[in-house]
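Coordinate analysis (summary)
Listed below, chain by chain, are the residues.
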Amino acid sequence: MPTTTETVLKNFINGEWVKPSGTELKQGVNPANTEEVVASFYQSTSEDLNGAIESASEAFEEWKDVPAPQRGEYLYKISALMEEEKDDLARVMVQEEGKTYNDAVKEIGYAAGIVKFYAGECRRLKGSILEADMPNIQIETKPEPLGVVLVVTPWNFPLSIPAWKTAPAIASGNTVVLKPSSETPLTVMKFMDIIRRAGVPEGVVNSVIAPGKLVPEMIHHPAVKAVTFTGSNPVGQKIYAEAAKDMKRCLLEMGGKNPLIVMEDADIDEAVQLAAAGAYGQTGQACTATGRIIVHEKVAEAFTDKLVERTKQMKVGNGMDEGVDMGPQVNQSERQSTLDLIQSARDEGAKVLTGGGIPEGPGLENGYFVEPTVISGVKPSMKISQQEVFGPVSSIIEVKDIDEAIAVANDVDYGLSSSICTKNLEYMNRALSEIEAGIVKVNMTTTGTFFQAPFGGYKQSSTGTYKELGSEGMDFYCQYKTRYIKSK
């Protein structure tokens with residue numbers, strides 16, 4: 001029989017916990033053990049969503065006038081509480097999303113760092129003074145907040161992505177309505193409780209548990225001035241289209257098919273480590289995961305043999321168990337999508353060297369586990385080369401030189417992250433200049449970013465108009481007024 005470890009979840013509206021008014025009870029299970037019910041919740045209705053948006057709209061009238069350094073003090077408190085409660089948050093995240101405990105702890109530390117960074121940005125908000133064409137006139141620019149920002153977040157980073165959108169939004173003087181993924185509402189509820197205990201004024205940050213089909217209605221609410229979304233391309237395209245109807249500001253970060261290029265002069269052992277970390281970290285469920293490994297033909301055999309050996313050594317299981325390297329996928333749909341793409345590679349002539357199926361063994365019977373997989377003989381035109389897998393799969397494509405490597409790297413609709421393994425300065429410079437991606441790294445994984453640096457993709461990975469993270473991450477949440485002052 002299923003066991004329940006958590007009570008029914010609620011919305012967070014105007015500083016209070018409010019039961020959603022929907023009548024259908026949903027259950028969130030542990031993806032490593034589907035017999036364990038982690039959270040139960042009702043979905044919100046239009047009435048609930050309107051209440052959250054109106055609460056944020058009312059709070060904005062006072063919040064926008066709070067001096068930015070004072071807003072920053074609330075963010076410092078949020079960051080400190082996240083650090084203090086890291087263990088509890090990590091356990092919740094592992095139960096709900098399935099990642100390993102170590103990955104969860106890293107995510108919480110990262111999220112706390114983001115919030116602290118934007119607390120500091122509150123003292124760096126600035127306009128500018130410009131020279132006028134005429135005497136006795138001063139021209140100045142001043143950043144102002146937009147109003148209510150709708151934040152729609154995915155399940156794969158259930159704390160860090162809500163943090164990196166919410167923190168700059170409220171630092172800029174906006175208020176927020178957050179709609180998290182229905183796969184991970186418990187983690188976000190914990191985040192809301194931290195915000196509440198940090199003393200953030202009522203209505204500044206609100207959260208609603210709601211089905212995705214209600215997002216267009218939220219976008220079109222007159223009080224919502226902007227929407228930011230991280231998730232899949234099909235959903236992102238729908239959000240973009242809805243926001244465009246009202247000419248509302250929109251920031252999307254979506255999928256990736258991120259290449260790791262391994263040149264003939266690369267340190268093979270290091271390249272294998274980077275490939276495994278990029279492909280299997282977070283169970284491959286990251287937009288910056290290594291989606292293609294493009295290997296020079298001179299080292300392809302040696303690289304492949306070592307990657308297969310490394311992959312076979314990985315331990316799959318519950319993320320809370322000692323020694324586990326990789327957890328499950330988040331649900332049955334995600335697992336089946338991964339298995340289907342692996343099968344498509346077989347059908348198109350590629351060879352699965354290890355993995356490719358559902359693992360068996362004690363503790364694995366009731367989870368959404370997939371074996372970490374290495375596939376060779378992959379061609380750039382294959383389905384698995386073009387579509388985001390979002391699972392633990394290494395697809396190896398052989399090339400003959402740097403020209404072909406870069407051409408293959410660019411031969412997809414996405415352009416989020418990328419990396420090259422080499423000691424050759426010419427190769428480095430060409431990759432840094434010619435790869436069509438928002439992030440290009442040298443001798444690093446495609447995954448992972450530093451929060452002080454801007455993040456965003458090219459092509460179909462992003463709307464491309466604004467960046468997230470870094471000081472640049474504040475731009476989306478500000479509008480700049482130009483003020484002319486004639487003194488006499």
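Because the structure is predicted, anything quoted here is derived from the model rather than measured.

Further remarks concern the overall build of the protein. In terms of helices and strands, the protein carries 14 helices and 22 strands. In terms of C-alpha radius of gyration, the protein reaches 23 Å, essentially the compact-globule figure of 23 Å for 488 residues. C-alpha extents for the protein along the principal axes are approximately 75 × 65 × 40 Å. The contacts in the protein between residues at least 6 apart in sequence include a share of 74% that link residues at least 24 apart. Total accessible area on the protein stands at roughly 20100 Å², and carbon and sulfur atoms take up 49% of it. Looking at the protein, you have 48 positive and 66 negative side-chain charges, and the mean spots of the two groups are 4 Å apart.

Take the nonpolar core next. The biggest cluster of nonpolar side chains holds 59 residues, and the ones touching the most others in it are Leu75, Ile78, Met82, Tyr118, Leu159, Phe191 and Met192. Those elements giving two or more residues to this core turn out to be helix 1 (46-63), helix 2 (68-84), helix 3 (86-97), helix 4 (101-121), strand 8 (148-152), helix 5 (160-171), strand 9 (175-179) and helix 6 (185-197). Broken down by element, the residue count for this core peaks at 10 residues, all from helix 4. Residues within four places of Met192 in sequence aside, it is in contact with Phe12, Trp17, Leu178, Val205, Asn206 and Ser207. Of all hydrophobic cores here, the second largest spans 27 residues; its members include Leu260, Leu274, Ala276 and Phe369.

For the rest of this paragraph, the subject is the environment of Glu436. With respect to the helices and strands, the residue Glu436 is situated in the loop between helix 14 (425-434) and strand 20 (439-442). For the pair formed by Glu436 and Arg197, sequence separation is 239 residues and the distance between their alpha carbons is 43 Å. When sequence neighbours within four positions are dropped, the list of residues in contact with Glu436 reads Asn410, Tyr414, Gly415, Tyr458 and Lys459.

Taken in spatial order, the seven strands make up an open sheet running 15-16-17-14-13-19-20, and their pairing is mixed. The two strands at the open ends of the sheet, each matched to only one other strand, are strand 15 (351-354) and strand 20. Between one strand and the next, the sheet's axes are offset by a mean angle of 25°, whatever the strand orientation. Alignment of strand 19 (residues 417-421) against strand 20, held across four bridges, turns out to be parallel. In the sheet register, Ile420 faces strand 20, and the bridge partner there is Val442. The strands touched by helix 11 (residues 332-347) within the sheet are strand 15, strand 16 (373-376) and strand 17 (393-399), with strand 16 carrying the most contacts at an inclination of about 25°.

A few words on unusual backbone geometry. Residue Asn136 is not a glycine yet carries a positive backbone phi of 65°. For Asn136, a relative accessible area of 37% puts it in the partly exposed group. One non-glycine residue, Lys459, adopts positive backbone phi at about 50°. Positionally, Lys459 belongs in strand 21 (residues 458-459).

Backbone-to-backbone hydrogen bonds pair the strands of a sheet. The strands run either parallel or antiparallel. The strand order across the open sheet formed by three strands is 6-7-22, and the pairing between neighbours is antiparallel. The open sheet has two edge strands with one neighbour each: strand 6 (128-130) and strand 22 (478-486). Direction aside, the axes of adjacent strands within the sheet are offset by 25° on average. Sheet analysis places strand 6 next to strand 7 (residues 137-145), joined by three bridges and oriented antiparallel. Considered in strand 7, the bridge of Ile129 is made with Glu140.

Reading the values: rules and limits
Residues numbered from 1 in each chain as written. Predicted model: local features only at pLDDT ≥ 70, side-chain atom pairs only at ≥ 80, totals over all residues. Heavy atoms only, no water. Helix = DSSP H or I, 4+ residues; strand = E, 2+ residues; numbered from the N terminus. Rg over C-alpha atoms; globule rule 2.2 N^0.38 Å. Contact = heavy atoms within 4.5 Å. Areas by Shrake-Rupley, 256 points an atom, 1.4 Å probe, with all protein chains shown as cover. Lys, Arg positive; Asp, Glu negative; His and termini not counted. Charge placed at Lys NZ, Arg CZ, Asp CG, Glu CD. Core = buried A, V, L, I, M, F, W, Y, C linked by side-chain atoms within 4.5 Å. Buried < 20%, exposed > 50% of the residue type's maximum accessible area, 1.4 Å probe, protein only. Pairing = 2+ DSSP bridges. Axes fitted to C-alpha atoms, helices over the stretch in contact; angles between N-to-C directions.

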